[in-house]
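One-letter residues, chain by chain:
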Amino acid sequence: MLADLHQRVHNYLRISLTDACNFRCFYCMPNEEVDVTPMGKLMSKEEIFEFAKIFVSLGVTKIRLTGGEPLVRKDAADIIRLLATLPVKLTITTNGVLVHKFIEVFKNANLQSVNVSLDTLDPNRFLALTKRDQFQEVKDNIERLIENNFSVKVNVVTMKGINDQEINQFVAWTKSNPLHVRFIEFMPFTANGWMSEKVFTYQQILETIQEEFEFIKIKDEINDTTKKYKVLNHAGTFAIISTMTAPFCDTCNRLRLTADGKMKNCLFSKSETDLLTLMRSGTDITAAIKENILAKEKSLGGQLLTDFTKIETDQLANRSMIAIGG
Ligand code: SAM
Ligand code: SF4
């Protein structure tokens, strides 16, 4: 069992397959010309499988693949097939643009739920946000996933003055589509242009939706990061990930492995444990994993202030989101 000093048990591992991406979302990938980590420094598919087996033996029951964009990795399908042999709930977060090539792989891996990131329903704004003119491909792939009976969650990083005016269009999208739209409060990472003024808060999101829809609160599961709601008579739901204004650290069960094999016990943790180097030197990594978890801070990696308006971004010690694995 992977317990920390705050009585939290960790059974959910997020593995980043790569820090490369075919999109350029400014809030995630600050430097467009950023160097991606060379293959030799990334975990190989065999190493990913080995890590996953060890974490499963220690109590992990759910694995999410992320990145960067996990599906740009050439051996992504092989990795999915390997991990599907483990007794875990396997899921993925993707920007969606390559999903049409993976429908059968997902089905064969019994991967039932897919998170797709889409911050706007306007093709021009999509181009401005991602620097890629591929809105329609992503939208079509979301529809393709629904047609193929996957449970689809759509992640929307909600930023004041950038896409907050589209919140109700996203909610309207859940009327006849069984989609789960999740509005994510904008989070600060290394050089991602974050300013407290750009955070569109949980409360503001609810107030915006209230102007047009009547909705009810639905039950959140114990380890959920979301607060879930449903508009009456809509096929889908919406939810809010309120990291900045109402963090959910008390029930956190998540661990992270970066694409270069470093373990992080929190999205905002300052420290990392280099599990890949340990594994390559033949060291048993179990003790290092446990030590890393025991060092987990009570909330927000011990460095984000709970009053987000007082956060000084230049004081934060972290990687960018793309390098951590969202
Ligand atoms: N490329 C994949 C994708 O876009 O879904 C997976 C990796 S991405 C880093 C994972 C999630 O992190 C996405 O939903 C993305 O929108 C979110 N994300 C990235 N930067 C963020 C930020 N600064 N604040 C909030 N969410 C962020
Ligand atoms: Fe790429 Fe996802 Fe980051 Fe956008 S949010 S740059 S798609 S990793």
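Look above for the structure.
Just so it is clear, the model here is predicted, and its values are computed rather than measured.

A.B. asks: Any chance you could explain the sheet that holds strand S8 (residues 226-231) here in plain terms?
C.D. replies: Strand pairing in a sheet is mediated by backbone hydrogen bonds. Such pairs are either parallel or antiparallel. The sheet built from 12 strands is open, its strands ordered S7-S8-S9-S6-S5-S4-S3-S2-S1-S10-S11-S12 with mixed pairing. A single partner strand is all that each edge strand has here, and the edge strands are strand S7 (215-217) and strand S12 (273-274). The sheet contact formed by S7 and S8 spans 3 bridges and is antiparallel. Across the sheet, the residue bridging to isoleucine 216 is lysine 230, located in S8. Here helix H1 (residues 45-57) sits on the sheet in contact with strand S1 (12-16), strand S2 (62-66), strand S10 (254-257) and strand S11 (262-264), set at roughly 160 degrees to S10. Against the sheet, helix H7 (residues 202-210) touches strand S5 (151-158), strand S6 (179-185), S7, S8 and strand S9 (237-241), its axis set at about 155 degrees to S9.

A.B. asks: Got a minute to help me understand the site of ligand 1 in this structure?
C.D. replies: The full set close to ligand 1 counts 20 residues, and Gly68, Glu69, Ser117, Asn155 and Met187 are the nearest of them. Within the side chain of asparagine 192, a nitrogen or oxygen atom sits 3.2 Å from a nitrogen atom of ligand 1. Of all the secondary structure elements, the ones that give two or more residues to the shell around ligand 1 are strand S3 (89-94), S5 and S6. Taken together, the residues of the shell around ligand 1 break down into 8 nonpolar, 10 polar and 2 charged.

A.B. asks: Explanation requested: the environment of valine 157 in the structure shown.
C.D. replies: Looking at where valine 157 falls in the secondary structure, it is placed in strand S5. Not counting residues within four places of it along the chain, the set of residues in contact with valine 157 comprises Tyr27, Asp119, Asn163, Ile184 and Phe186.

A.B. asks: Any chance you could explain the pairing of S10 here in plain terms?
C.D. replies: Here S10 shows two buried faces, one formed by Arg254 and Arg256 and the other by Leu255 and Leu257. The pairing of S1 with S10 spans 4 bridges and is parallel. When the bridges of S10 are listed, tyrosine 12 appears paired with arginine 254. Hairpin connection, S10 to S11: the antiparallel pair is bridged by 4 residues, and glycine 261 has positive phi, about 80 degrees.

A.B. asks: Looking at this structure, how should I read the packing of aromatic side chains?
C.D. replies: Centre-to-centre distance and the angle between the planes together describe a pair of aromatic rings. Per the counting criterion, the structure on display carries 11 aromatic pairs. Ring geometry for phenylalanine 26 and tyrosine 27: centres 5.6 Å apart, planes at 75 degrees, overall edge-to-face. The exposure class of tyrosine 27 is buried, given its relative accessible area of 12%. A ring pair is formed by tyrosine 229 and phenylalanine 238, whose centres lie 5.4 Å apart and whose planes are at 15 degrees; its orientation type is stacked. You'll find tyrosine 229 and phenylalanine 238 in the same group, each marked buried. Connected via pairs of aromatic rings, a cluster forms that spans Phe23, Phe126 and Phe135. Over the face of the ring belonging to tyrosine 12 we find lysine 62, whose NZ or CZ atom lies 4.4 Å from the ring centre. Over the ring of tyrosine 229 we find lysine 217, and its NZ or CZ is 5.0 Å from the ring centre.

A.B. asks: Looking at this structure, I do not really get the packing of H1 against helix H2 (residues 76-83). What am I missing?
C.D. replies: Packed helices, taken two at a time, are described by their axes: the angle between them and the distance between them. Orientation of H1 relative to H2, taken along the N-to-C sense of each, is 25 degrees, at an axis distance of 10 Å. With respect to H2, the axis of H1 lies roughly parallel. Viewed along their axes, H1 and H2 form a crossing whose handedness is right-handed. Within the contact between the two elements, H1 uses Lys45, Ile48, Phe49 and Ala52 and H2 uses Asp78, Ile79, Leu82 and Leu83. By residue class, the composition of the contact of H1 with H2 is 6 nonpolar, no polar and 2 charged.

Analysis parameters
- Residues numbered from 1 in each chain as written.
- Chains lettered and ligands numbered in written order.
- Predicted model: local features only at pLDDT ≥ 70, side-chain atom pairs only at ≥ 80, totals over all residues.
- Heavy atoms only, no water.
- Pairing = 2+ DSSP bridges.
- Helix = DSSP H or I, 4+ residues; strand = E, 2+ residues; numbered from the N terminus.
- Contact = heavy atoms within 4.5 Å.
- Axes fitted to C-alpha atoms, helices over the stretch in contact; angles between N-to-C directions.
- Near = heavy atom within 4 Å.
- Polar contact = N/O pair within 3.5 Å; in protein donor to acceptor, adjacent residues only side chain to side chain.
- Nonpolar A, V, L, I, M, F, W, Y, C, P; charged D, E, K, R; others polar.
- Buried < 20%, exposed > 50% of the residue type's maximum accessible area, 1.4 Å probe, protein only.
- Phe/Tyr/Trp six-rings, centres within 6.5 Å; stacked < 30°, edge-to-face > 60°.
- Lys NZ or Arg CZ within 6 Å of the ring centre and 35° of its normal.
- Parallel < 35°, antiparallel > 145°, perpendicular 65-115°, else oblique.
- Left-handed = near helix turned anticlockwise from the far one by under 90°.

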